Amino acid sequence: MKSDSPLFLVAQDLTLFCICVNVQSQPASLAAEDISTNSNGPKQDSLFDDDPEDLFAEATEEVSLDSPERDVLLSDGPSPAITPITPPTSVITPRIGHTHDDMFTHSSFDEIEEEEGGDSFDIHISVSDPEKVGDGMNAYMAYKVTTKTSISLFKRNEFAVKRRFSDFLGLHSKLASKYLHIGYIVPPAPEKSIVGMTKVKVGKEDQSSNEFVEKRRSALERYLMRTVKHPILLKDPDVLQFLESSELPRAVSTQALSSAGLLRMVNKAADAVNKMTIKMNESDAWFEEKQQHFENLDVQLRKLHTSVESLVCHRKELSVNTAQFAKSAAMLGNSEDHTALSRALSQLAEVEEKIDQLHQDQANADFYLFSELLGDYVRLLTAVKGVFDHRMKTWQKWQDSQMLLQKKREAEAKLQFTNKPDKLQQAKDEIKELEGKVQQGERDFEQISKTIRKEVSRFEKERVKDFKTIIIKYLESLVQTQQQLIKYWEAFLPEAKAIS
Amino acid sequence: MMQEGLDDGPDFLSEEDRGPRAVNVDLQTDAMLQVDISDALSERDKVKFTVHTKIPPAPPRPDFDASREKLQKLGEGEGSMTKEEFTKMKQELEAEYLAIFKKTVAMHEVFLCRVAAHPVLRKDLNFHVFLEYNQDLSVRGKNKKEKLEDFFKNVVKSADGVLVAGVKDVDDFFEHEKTFLLEYHNRVKDASAKSDRMIRSHKNAADDINRIASSLYTLGTQDSTDLCKFFLKVSELFEKTRKIEARIAADEDLKLADLLKYYLRESQAAKDLLYRRSRALVDYENANKALDKARAKNRDVLQAETSQQLCCHKFEKISESAKQELIDFKTRRVAAFRKNLVELAELELKHAKGNLQLLQGCLGILKGNT
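Sequence order as written defines residue numbering, which begins from 1 separately in each chain. Think of it this way: whatever chain is written first is A, whatever ligand is written first is 1, and the rest follow in order. Thresholds applied to this predicted model are a pLDDT of at least 70 for local features of residues and 80 or more for the giving and counting of side-chain atom pairs; totals over whole chains, interfaces and linings are not thresholded and use all residues. Heavy atoms throughout the structure, all of them, feed into the side-chain values; hydrogens and water do not.

Asks: Looking at this structure, I do not really get the overall build of chain B. What am I missing?
Replies: A run of H or I in DSSP counts as a helix once it spans at least four residues, and a run of E counts as a strand once it spans at least two, with each numbered from the N terminus. Of the regular secondary structure elements, chain B holds eight helices and zero strands. Burial status follows relative accessibility: with a 1.4 Å probe on protein chains alone, a residue under 20% of its type maximum counts as buried, one over 50% as exposed, and anything between as partly exposed. Within chain B, the fraction of its 370 residues that count as buried is 42%. Contacts between residues were defined by any pair of non-hydrogen atoms, one from each residue, lying within 4.5 Å. Contacts in chain B between residues at least 24 apart in sequence constitute 80% of all its contacts with a sequence separation of at least 6. Note that accessible areas follow from Shrake-Rupley with a 1.4 Å probe, and for residues the cover is restricted to the protein chains shown. For chain B, the accessible area works out to roughly 20600 Å², and carbon and sulfur atoms hold 55% of it.

Asks: Please explain the overall build of chain A as it appears in this structure.
Replies: Assigned secondary structure in chain A consists of 15 helices and five strands. In chain A, which comprises 500 residues, the share counted as buried stands at 53%. Here the contacts in chain A between residues at least 6 apart in sequence split such that 76% fall between residues at least 24 apart. Entry remark: accessible area of chain A is about 24200 Å², with carbon and sulfur atoms responsible for 55%.

Asks: Sorry if this is basic, but what is going on with the UniProt feature "coiled-coil region" (unreviewed entry) in chain A here?
Replies: UniProt positions are given in the numbering used here, feature names are shortened, and annotations may be inferred rather than shown by experiment. In this structure's numbering, the residues bearing the UniProt feature "coiled-coil region" (unreviewed entry) are residues 424-451 of chain A. This span, residues 424-451 of chain A, is 100% helix and 0% strand, and a straight line between its end C-alpha atoms measures 40 Å.

Asks: What is the right way to read the interface of chain A and chain B from this model?
Replies: Interfaces are often described in size by the accessible area the parts lose on coming together. Contact with chain A, which involves 55 residues of that partner, is made by 61 residues of chain B. Once two parts are brought into contact, the accessible area they lose, counted with a 1.4 Å probe and summed over both, makes up the buried area. Buried surface at the junction of chain A and chain B, summed over both partners, amounts to about 5400 Å²; 72% is from carbon and sulfur atoms. A side-chain nitrogen of Lys or Arg and a carboxyl oxygen of Asp or Glu constitute a salt bridge if their distance falls within 4 Å. The tally of links between chain A and chain B comes to eight salt bridges. Its salt-bridge partner being Asp337(A), residue Arg333(B) comes within 3.2 Å of it at the nearest N-O pair.

Asks: What am I meant to see in unusual backbone geometry here?
Replies: Trans peptide bonds make up the majority, and among non-glycine residues the majority have a negative phi. Look at Asp129(A): it is not a glycine, yet its phi comes out positive at around 50 degrees. Within the element layout of this structure, Asp129(A) appears in strand 3 (residues 123-133). Of note, the phi angle at Asn298(B) is positive, near 55 degrees, even though the residue is not glycine. Counting through the fold element by element, Asn298(B) comes out in the loop between helix 7 (227-297) and helix 8 (301-369).

Asks: Sorry, what's going on with the confidence of the model for chain B here?
Replies: Parts of the model with low pLDDT should not have their predicted coordinates read in detail. All names here are of chain B. Every residue is assigned a pLDDT by the predictor, reflecting its confidence on a scale from 0 to 100. Counting all residues, the mean pLDDT for chain B is 79, and 77% of those residues have values of 70 or more. For chain B, the element scoring lowest by mean pLDDT is helix 1 (residues 31-49), at 36; helix 6 (residues 172-222) scores highest, at 95. Predicted confidence for residues 1-53 stays below pLDDT 50, and this span has 75 contacts to residues more than four positions away or in other chains. Two summary scores accompany this predicted model of the complex, namely pTM at 0.70 and ipTM at 0.72.

Asks: Is there a simple way to explain empty space enclosed by the protein in this structure?
Replies: To find the voids left in a structure, one rolls a probe of water-molecule size over its atoms. Of the two site types, the cavity is a set of points on a 1 Å grid over the protein atoms alone where a 1.4 Å probe fits but cannot get out, and the pocket is an open set with protein on both sides within 12 Å along at least five of seven lines, each lined by residues with an atom within 4 Å of a point. Grid points are joined across faces, edges and corners, and a volume is the space filled by probe spheres set on the points. On inspection of all chains with the given rule, the structure shows 11 cavities of 30 Å³ or more. In this structure, the largest cavity encloses a volume near 390 Å³. Around the largest cavity sit 30 residues that line it, and Arg315(A), His359(A), Gln482(A), His202(B) and Glu245(B) are the ones nearest its centre. At the level of elements, helix 13 (285-335), helix 14 (339-415) and helix 15 (421-497) of chain A together with helix 6, helix 7 and helix 8 of chain B are the ones that each hand at least two residues to the lining of the largest cavity. Classifying every residue of the lining of the largest cavity gives 17 nonpolar, eight polar and five charged. Polar here means any residue outside two lists: the nonpolar Ala, Val, Leu, Ile, Met, Phe, Trp, Tyr, Cys and Pro, and the charged Asp, Glu, Lys and Arg; Gly therefore counts as polar.

Asks: What is the right way to read the sheet that holds strand 4 (residues 140-149) of chain A from this model?
Replies: Sheets are built from strands paired through backbone hydrogen bonds, the pairs being either parallel or antiparallel. All names here are of chain A. Two strands qualify as a pair provided DSSP detects at least 2 bridges between them. The strand order 3-4-5 describes an open sheet built from three strands, whose pairing is antiparallel. Strands with a single pairing partner mark the edges of an open sheet, and in this sheet they are strand 3 and strand 5 (158-164). Each strand axis lies, on average, 20 degrees off the axis of its neighbour in the sheet, ignoring direction. Pairing between strand 3 and strand 4: nine bridges, direction antiparallel. Counted as the bridge partner of Ile125 is Thr147 from strand 4. Under this scheme, a helix contributes an axis fitted over its contacting stretch, all axes are lines through C-alpha atoms, and angles between N-to-C directions fall in the 0 to 180 degree range.

Asks: Can you help me understand the pattern of salt bridges in this one?
Replies: For side chains of opposite charge, pairing can occur when their charged atoms come near one another. Within the structure shown, the criterion is met by 47 salt bridges over all chains. Among the ionic pairs, Lys144(A) bridges to Asp129(A), the shortest N-O distance being 4.0 Å. A residue pair is termed long-range when its members are at least 10 positions apart, and Lys144(A) in strand 4 and Asp129(A) in strand 3 qualify at 15 residues. On the basis of relative accessible area, Lys144(A) is assigned to the partly exposed category, the value being 33%. Residue Asp129(A) is classed as partly exposed on the basis of its relative accessible area of 42%. Measuring nitrogen to oxygen at the nearest pair gives 3.5 Å for the salt bridge that ties Asp283(B) to Arg279(B). Of this pair, Asp283(B) and Arg279(B) are both found in helix 7, four residues apart, which corresponds to roughly one turn of the helix. The class of Arg279(B) is partly exposed, set by a relative accessible area of 27%. One salt-bridge network, in which partners are shared between bridges, spans Glu191(A), Arg222(A), Arg226(A), Glu372(A), Asp376(A), Arg379(A) and Asp466(A).

Asks: Sorry if this is basic, but what is going on with the nonpolar core here?
Replies: The tendency in soluble globular proteins is for nonpolar side chains to be buried as a group. Only buried residues count toward a nonpolar core. Its members are Ala, Val, Leu, Ile, Met, Phe, Trp, Tyr and Cys residues joined through side-chain atoms within 4.5 Å. The biggest cluster of nonpolar side chains holds 139 residues, and the ones touching the most others in it are Leu475(A), Trp489(A), Phe238(B), Phe337(B) and Leu341(B). For this core, the leading source of residues is helix 14 of chain A, giving 22 residues. Discounting residues that sit within four places of it in the chain, Leu475(A) has contacts with Leu237(B), Phe238(B), Leu359(B), Cys362(B), Leu363(B) and Leu366(B). The next biggest cluster of nonpolar side chains, apart from the first, holds nine residues, and it includes Met392(A), Trp398(A), Leu405(A) and Phe445(A).

Okay, structure coming up:
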C-alpha cells in the first residue's frame, strides 16, 4: 500500500530543502532558528502551545522534513504528518514552504507581467485512452496524459505518461498544501465518486459506466489545463513531475476512507468553526467587496447549474421518448393499409429517429459545455473563498502574536521587581522571539493580501474568457442542431404532401 | 382584456372576445355544456340510429385542472416572487390557457362539422335546436339510471365483443376490416401515448430554458466585468428561444398528439360499429335457427318468419351503411393525416428557422464584441 520508492521522494524533498537554505539567507535565518528550536523539546512544545489553532489549521499543509524514519509519511507528499506521531514531531512551519515560494513568487510575478504582455503561453494537455488495469476491487482506470508544448521549462515538446485518478488527487493535494495558505487559487481536482468507480471496477461495460469514465476523463483534462494556465503552478516541480515522469509514487493519502482522509475532514470542520469566530477589522474595502461579489456569484452559479442539469436530464428524456415514438410511428405505418400514408408514416418514424439522436447529441453539449463549466466554477469559487479565509487566518495569527507579545511584555515588567534573573532573561528572550514573530506575521499578512489581489485579477480575467469562449461554443452547438432539424423536416415535407 | 386580479380565475375562459374568427359554428355556450349535449345527442341516437349509423365521437372534456392549479400556486406565491418572475409566470399561464382553449375550440368545431356533414345526423332536431336556439340550453346530465345502463352496456359489449370477434366473417371486406382495425387501434393507442410523453419532455425542456434565462439575467445584472452585457444578451436569446420551444411543443400537441387521440377514438368507434354488425349477424343467425325450429315444430311459424325477416333486414342495412362508413373512415383518415403531417412539418420548419435566426443573430453580436 505504501509507496514503492520512499527514498526517491526523500531525496527530492531534501534537495528542495537545500535550495531553500542556500538562496535566501535572511528569511532562512528565521527558519534556521526554528529548526534549532525544533530539536529542543520544551521550546518546541511552547511553540505549539502558542498557536493551538495552527496545529489544526495547518495540519494538511505542513511539510514533514525529518530524519529518514519519517519516510513512510513522505511518500504521501506534503500531506498531514501529525496525528499518528507523538511529539517530538519535527514539523517545519509553513515559513519554510513560504520562503521557498517567495523565491518563486518574486521572480515569477515579474515573469507573469512579461508573459501577459507577450502571451507566449503555449501548452496543451489532453487526457485520453482510459484503460482498465487489473480487476476486481483493486482495479483502476489509467489515463494517458499527453502534453504538447513549446515552453522551455519542459524537456521535450511532446510527451505522454500514464496516470490514474489518485495521481491527480495527489497532485492537487500537494499543490493545495503548498500554495493555498499563501493566497494562490489552486484549481480543485475532480470529485471522487465511490459509486461510479465501483461500477467500473466491477466490470460493468454498460452505457452509464462509459459515460462516467468519459465525464471523468473530460474533467481531468480541464483540471490539468486550468492548473498549467496558472503561471506559478505551471513551474511547480510537482506539476512538472506529474506531466513528465514515467513513474509516479502512489498517492495513498488521497483515499477517501484513509486516516489522512479522515484527518482532512476533521480539519475542514475545525476550519469552519474557526472561520465563524474570527472577526477581522477589515481595513481594506476591496477585500470585503470582493468577498461579497464571490458570495453572490456562488449563489447565482449554483442556481444556474441546477437549471442546466435539469435541462440535460429533460433533453435526455426527450431523446429517449422521441426514439420510442419513432418506433411506435413505424409500427403504425406498418399497420396502415393506405399505401401512401403508410409510407409517409414510416418516413416520419425515420425522421423522428434521426431527431432523437440529435437530442442526444445536444444533451451531451448541454452537459459537457454548459453544465460542466458551471460545475467547475462552483468548485473553483470554493478555492477562491478558501484563500480569503487563509488571509483571515494569517491576520488572526499576526494579531495573536501581537497580543502574546503584549502579555509577555507585561509579564516581563512584573518580573523586573522580583529577584529571578533567570526568569527575567527567559522572558526577554521570549519577547525578542515574539517581536520577530509579529514582524513576520505582518509581512505574511501583507504578502497574502498582495497575492490575493493579483490572483483575483487573474481569476476574473480567466472567468470572463472561459465563459465567453464556452458559451459561444455552446450556442454554436444549438445552431448546428437547428440546422439539422431544418434539413430533416425539409426532406420530410414533400413526403407528407405526396400522400394522396 | 384579461383580468388583472387573481380572484377571478374562471374569467380566463372568456376567450371568445379575443377577436373575430371565421367559424362555421357559433360557439356561445360554455365548453362543459357542449360535451353534455353531445352525450344527449348520442343518447337519443342510440335509440333511433343504433342499427345503422356510426356516430362521430364526442369531443373530449377540456382539462383546465392543471392550469387552475398553477393559477392557484401563482396567487399563493405572489408575495415571494420578484415582479419580473410574477409577470413571466402569469404570461406563461395565459399562454397555456390559450393553448388549451384553442385545442378545445378546434375539437368542438370538428365534431360539429362532422355532424353537419353527416347525411342523417344533420337532419336531427336536437342538432338544429343546438345551433339555432339563442338562449341557454338546459341539458340534463345522465341520471343515475342512465349511467348504470351505460355501465352495463359496456360490460356486456366487452364480453360480447370477445365472443363476436372470434367469429370469422364470410365477407372478405369485413374480415379484412376487423383484422386491420384491431391492430390499427392498438398501434394508434401506443403512438398516442408515446407522442404525449415526447411532447411532455419537450415542454419540460422549454421550462428549464426559461429558468436558465432568468438566472443568466440575474448574473448579468450582478456582474461587474465584461460578462454582464454578455449574460444579458444570452438571457434575452434564451427568453426568445424558449418561447419558440414552447410553441413547438404546443404545435406538436395540436397536429400530432390530437390527431392520434382523435383516430384512437375513431378507430374505437369503427370497432364498435363492427361489433354491432356482428351482433346483428348473430341475431340473424339465431333468428334463422329459430325459424327452422318453428317450421319443424310447425308452431309460431309466422312469428318466427317475421322476426327472421326483421333481423335479416337489420343486418343487411347495417352491413351496407357500415361498409360505407368504413370506406369513409379510411378516406377521412388519410386526408386528416395528410393535412396534419404537412402542417406539422411546416410548423417545425418555421420554428427551427426562427430559432436558427435568433441564435445566429445573437452569436454574431457576441463574437463581434469579444
